[in-house]
Amino acid sequence: MDRYIELWVESLPQLLLAAAQVTIPLTIIAFVLSLVIGLFSTAARNLGKFNPLNWLATVYVWFFRGTPLLVQLFLVFYGLPRVGITLDTWSAAIIALSLNTGAYVAETFRSAYASIPRGQFEAARTLNFTRAQTLRHVVIPQATRIALPPLGNDLIDLVKGTSLVSVISMVDLFQSGKQVAARTFEPLAMYLEVAAIYLVIFTLLSIGQQYLEKRTSRYVRTANA
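Calculation rules
Residues numbered from 1 in each chain as written. Predicted model: local features only at pLDDT ≥ 70, side-chain atom pairs only at ≥ 80, totals over all residues. Heavy atoms only, no water. Phe/Tyr/Trp six-rings, centres within 6.5 Å; stacked < 30°, edge-to-face > 60°. Helix = DSSP H or I, 4+ residues; strand = E, 2+ residues; numbered from the N terminus. Buried < 20%, exposed > 50% of the residue type's maximum accessible area, 1.4 Å probe, protein only. Salt bridge = Lys/Arg side-chain N within 4 Å of Asp/Glu carboxyl O.

A. Structural detail: the packing of aromatic side chains. Taken as a whole, this structure holds 6 aromatic pairs when the rule is applied. A centroid spacing of 5.2 Å and a plane angle of 55 degrees characterise the contact between Tyr60 and Phe64, whose relative ring orientation is tilted. Here the residue Tyr60 and the residue Phe64 both occupy positions in helix α2 (residues 52-66), the gap between them amounting to 4 residues, near one helical turn. Under the relative-accessibility criterion, Phe64 is labelled buried at 13%. Ring plane angle 85 degrees and centroid distance 5.1 Å describe the contact between Phe63 and Phe64, whose orientation is recorded as edge-to-face.

In structure tokens form, the structure reads like this:
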């Protein structure tokens, strides 16, 4: 046990540095882009069944929700060079993670929007609300409260999904742990430490998610008062 503790203390700075330089920035960038992608995909899927953008968004969501993230990473990093598109590891990881998470975010936005009773839109029209006023006072407050829990889950899944970028030679938290394990011949100790760091990140995100849900619920109650 003393050997494990010594190894954990010795390797912790390297693992935290990899998390701070790769895992966390990659998560933030990919999640912000996925929100934009999800928003545009949701808007496109509400343009009408025979609109080409609707078809494109539907196929996009179908493909990226229906195939593994690992396959998508390989397609972007190893497959695209076959058609003349070569990307560095950061670009490939951001594109694959953003597109993958964006498909789930699009479904979250779509279901949140669809869950708002149609009668509320009719009530807004009887009050002569403009489209902007309807979005601000009716759609956004309710849809935000409904979407927050699944969006938090999407973010947590994204954090865990970043561990797959090690397959394209990015030295993230997981890859850094693998390197230390290979050097010290202590895979159990290192993977336990990596798991502990992921659990800390998960716990912090869960606390933040609960806080935002409470704040949003209070805002919605105040707005409806």
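From this point, the narrative continues.
B. Quick look at the pattern of salt bridges. Within the structure shown, the criterion is met by 5 salt bridges. A salt bridge links Glu186 to Arg3; the nearest nitrogen and oxygen atoms lie 3.9 Å apart. Taken together, the residues Glu186 in the loop between α7 (173-184) and α8 (187-224) and Arg3 in helix α1 (residues 2-44) connect sequence positions 183 residues apart. A relative accessible area of 38% places Arg3 in the partly exposed class. A salt bridge links Glu107 to Arg45, with the shortest nitrogen-to-oxygen separation between them at 2.6 Å. Of this pair, Glu107 sits in helix α4 (residues 89-114) while Arg45 sits in the loop between α1 and α2; the two residues are 62 residues apart in sequence, bridging distant segments of the chain. Glu107 gets classed as buried once you look at its relative accessible area, which sits at 15%. Through salt bridges with shared partners, a single network forms among Arg45, Arg65, Glu107 and Arg110.

None of this, on its own, says anything about what the molecule does.
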